[in-house]
Amino acid sequence: MNQSDWQITGHTRLFGIIADPIAQVKTPQGLNPLMRERDVDGVLVPFHVAALELAAFVRMLRGLRNFGGAIVTVPHKTSIVSLCDEVEPLAAAVGAVNCIRRETDGRIVGTILDGRGFVEGLRSQGIGPENRSVFLAGAGGAASAIAFALAEAGIARLGIANRTRARSENLAARLAVAYPQLAVDVAPSSVSGFDLVVNATALGMAAGDPLPIDIAALAADQIVAEIIMTPRTTPLLAAAADRGCRIHYGQPMLDCQLALMADFMGMRA
Ligand code: NAP
């Protein structure tokens, strides 16, 4: 079909993003054009679902025969895990799902793709994570997903530094179960000696935020990566570039994740 002539018909498959609040979401603007590029007869719309209604909504999706899949975001990423009929091992290990699809028999399958989006984003810039040592600042939702995806991708060593130490310890304990061969340090004393330094905290979004790491120990042979997208060049990336480090922006994580989500939800012509 010529996509400029495309319109919603009785054949069109329905996709969504499930969130509360919903107005801030940007995925419809990313995935609808991607479906037009891929010649997919589908539309992705916002589903504004409150936490208390999530279980009933997922039950309804099993019977919605033209439903292809949905992105799942705040506040549902943890609570939807137990509502899925099947959860991929990475999502089960992380304890969160951010994308679901409906199988033809109505079963709802969940996965998590933000960490894999980060890893694919690195690869898209020619940075392979295999056998690297990684310093991860943060132990929240995004940091946990990234830690598991980096472990899945075959890094050799992970240092986890988070303001709240108990969260780093909890993440390290969960990683030890899923990836017992991975060497994990909780609260490493500095970024020195790590190949790749990743900021997966929220620090850097607001003007005046402190830097998430002590940059005095950064050396020019290290790569410094962000997951914050706005501003594009965070104070951390600016400081790392000044020290001669290679820098990696936050945007590729989202770009790569959109493609992974489209693939997982079966957005194919
Ligand atoms: P989250 O679960 O709330 O975790 C926030 C993290 O930031 C925690 O590690 C937290 O430490 C740390 N933090 C917050 N304020 C801090 C402060 N003042 N000092 C030190 N540490 C602080 O949030 P999230 O979902 O992981 O998101 C984190 C960031 O990732 C956000 O900026 C978000 O925009 C970004 N993100 C980007 C993408 C992408 O595609 N590029 C995808 C997802 C998220 P504590 O545990 O001590 O509170």
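It should be emphasised that the depicted structure is a prediction, and the values quoted were computed from it without experimental measurement.

**Things to note about the side chain of N98**
Turning to step 1, where the next piece is worked out: Summarising the element assignment, N98 is placed in the loop between α3 (89–94) and β5 (99–102).
Turning to step 2, where the next piece is worked out: A distance of 2.9 Å separates a polar side-chain atom of N98 from the backbone nitrogen of L113.
Turning to step 3, where the next piece is worked out: The residues contacting N98, other than those within four sequence positions of it, are A70, I71, V72, K77, T111, I112, L113, D114, Q257 and M261.

**Focus on the domain arrangement of the chain**
Turning to step 1, where the next piece is worked out: The domains assigned to the chain are domain 1 (3–113 + 254–264) and domain 2 (115–253).
Turning to step 2, where the next piece is worked out: If you average the C-alpha positions of domain 1 and of domain 2, the two centres end up 27 Å apart.
Turning to step 3, where the next piece is worked out: Domain 1 puts twelve residues into the contact, and the matching count from domain 2 is 19 residues.
Turning to step 4, where the next piece is worked out: Summing the contributions of domain 1 and of domain 2, the shared interface buries around 1,100 Å²; its carbon and sulfur component is 63%.
Turning to step 5, where the next piece is worked out: Our count for the contact surface shared by domain 1 and domain 2 stands at one salt bridge.
Turning to step 6, where the next piece is worked out: We note a salt bridge from R116 to E88, for which the minimum N-O separation is 3.8 Å.
Turning to step 7, where the next piece is worked out: For the side of domain 1 that touches domain 2, the secondary structure elements donating two or more residues are α3 and α8 (251–264).
Turning to step 8, where the next piece is worked out: For the side of domain 1 that touches domain 2, the leading source of residues is α8, giving five residues.
Turning to step 9, where the next piece is worked out: For the side of domain 1 that touches domain 2, the residue count by class is eight nonpolar, two polar and two charged.

**A short note on the sheet that holds strand β4 (residues 86–87)**
Adjacent strands of a sheet pair through backbone hydrogen bonds, lying either parallel or antiparallel.
Turning to step 1, where the next piece is worked out: One open sheet accounts for six strands, arranged β2-β1-β3-β5-β6-β4; its pairing is mixed. Strands at the two margins of the open sheet, each flanked by one partner only, are β2 (42–48) and β4.
Turning to step 2, where the next piece is worked out: As defined by bridge partners, strand β3 (residues 67–72) adjoins β5 across three bridges and the pair is classed as antiparallel. Among the inter-strand pairings, I71 is bridged to a residue of β5, identified as C99.

**Concerning the site of the ligand**
Turning to step 1, where the next piece is worked out: Around the ligand sit 20 residues in total, of which A142, N162, T164, R167 and I227 are the nearest.
Turning to step 2, where the next piece is worked out: Within the contact set of the ligand, an oxygen atom lies 2.9 Å away from a side-chain nitrogen or oxygen of R163.
Turning to step 3, where the next piece is worked out: Assessed atom by atom at 2 Å from the grid points, the ligand resides in the largest pocket.
Turning to step 4, where the next piece is worked out: Elements that contribute at least two residues to the shell around the ligand include exactly α5 (141–153) and α8.
Turning to step 5, where the next piece is worked out: Of the residues assigned to the shell around the ligand, the class counts are eleven nonpolar, seven polar and two charged.

Parameters at a glance
Residues numbered from 1 in each chain as written. Predicted model: local features only at pLDDT ≥ 70, side-chain atom pairs only at ≥ 80, totals over all residues. Heavy atoms only, no water. Helix = DSSP H or I, 4+ residues; strand = E, 2+ residues; numbered from the N terminus. Polar contact = N/O pair within 3.5 Å; in protein donor to acceptor, adjacent residues only side chain to side chain. Contact = heavy atoms within 4.5 Å. Domains from an automatic or database assignment. Buried area = accessible area lost by both parts, 1.4 Å probe. Salt bridge = Lys/Arg side-chain N within 4 Å of Asp/Glu carboxyl O. Nonpolar A, V, L, I, M, F, W, Y, C, P; charged D, E, K, R; others polar. Pairing = 2+ DSSP bridges. Near = heavy atom within 4 Å. 1 Å grid on protein atoms, 1.4 Å probe; cavity = no way out; pocket = protein on both sides within 12 Å on 5 of 7 lines; lining within 4 Å. Sits in = over half its atoms within 2 Å of the grid points.

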